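Now for the letters of each chain:
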Amino acid sequence: MVKLYGTKMSSAFRNHVLAKEIGLEYEEVPMDLAKDEQNSDEFLKLNPNGKVPCLVDGEFVLWESMAINNYLAAKHKPELLGDSPEDKALIDQWSYWGILEVQTHLFKMFSQKFSVPEDERDDTILQEAKDALPRLFKILDNHLSDRKYILGEAFTLADINMGTIVIVTQFVQYDISGYANISKWLKLLTDRPSFG
Ligand SMILES: N[C@@H](CCC(=O)N[C@@H](CS)C(=O)NCC(=O)O)C(=O)O
């Protein structure tokens with residue numbers, strides 16, 4: 001059976017969502033990051049980066065959450081990748097933009113709030129993230145002004161990848177209620193059983 005290392009409370013969340021969307025039977029291997037299980041010799045043989053998620057599908061081993069989602073969608077539900085090379089390229093565009101531009105700031109906020117000890121927190125890092133996000137959320141909000149989902153009428157991998165990034169705002173208590181189109185779209189996603 002396919003094994004997915006990492007719980008929903010990590011970057012593996014988007015893989016758990018995708019796995020549910022495609023009805024994949026898989027085993028979740030929870031990794032206790034606080035106990036440094038990701039740096040065990042056994043796990044480093046699978047992912048030398050010492051990070052979750054990691055997918056093991058028979059002899060095939062894959063790390064990086066976006067790559068895992070692309071692989072699983074291509075193998076089990078290619079319609080999630082759109083109807084054309086252009087659709088696939090747009091899914092990549094939004095996914096890369098999301099993980100590089102948006103998630104970077106949200107993860108900095110997350111880490112300052114929850115991982116870094118209180119006396120070592122750096123308010124400038126938190127502020128830089130807070131300053132950068134409005135411009136990015138405005139881009140996404142404008143894009144969604146005349147679309148139900150990121151590519152239009154169809155729910156695709158772009159929604160899973162972006163949705164699992166934007167949802168981090170709820171954990172770091174970053175208010176996105178001012179972005180009406182994003183809020184409407186995120187509600188559509190979180191109403192899906194896969195996001196539960
Ligand atoms: N770009 C990677 C990021 C993976 C990542 O940062 N994973 C974190 C958990 S969210 C991790 O395993 N951290 C453990 C560590 O850095 O020691 C992906 O999307 O798969």
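Residues numbered from 1 in each chain as written. Predicted model: local features only at pLDDT ≥ 70, side-chain atom pairs only at ≥ 80, totals over all residues. Heavy atoms only, no water.

Undergrad: Talk me through the overall build of the protein chain; I want residue IDs and the actual numbers.
TA: When helices and strands are tallied, the protein chain shows eight helices and four strands. Taken along the three principal axes of its C-alpha coordinates, the protein chain extends 50 × 45 × 25 Å. In the protein chain, buried positions account for 46% of the 196 residues. Restricting to contacts in the protein chain with at least 6 residues of sequence separation, those with at least 24 account for 61%. As presented, the protein chain carries roughly 10400 Å² of accessible surface, and 52% of it is formed by carbon and sulfur atoms. Averaging the coordinates of the 21 positive side-chain charges in the protein chain and doing the same for the 31 negative ones gives two points 4 Å apart. (Helix = DSSP H or I, 4+ residues; strand = E, 2+ residues; numbered from the N terminus. Buried < 20%, exposed > 50% of the residue type's maximum accessible area, 1.4 Å probe, protein only. Contact = heavy atoms within 4.5 Å. Areas by Shrake-Rupley, 256 points an atom, 1.4 Å probe, with all protein chains shown as cover. Lys, Arg positive; Asp, Glu negative; His and termini not counted. Charge placed at Lys NZ, Arg CZ, Asp CG, Glu CD.)

Undergrad: Describe in detail the side chain of Glu 21, supporting the description with residues and values.
TA: With respect to the helices, strands and loops of the structure, Glu 21 is situated in helix α1 (residues 13-22). A polar side-chain atom of Glu 21 sits 2.8 Å from a polar atom in the side chain of Arg 192. In this structure the side chain of Glu 21 is engaged in a polar contact, spanning 2.5 Å, whose partner is the side chain of Ser 194. Other than its neighbours up to four places away in sequence, Glu 21 contacts Lys 77, Phe 155, Ile 160, Arg 192 and Ser 194. (Polar contact = N/O pair within 3.5 Å; in protein donor to acceptor, adjacent residues only side chain to side chain.)

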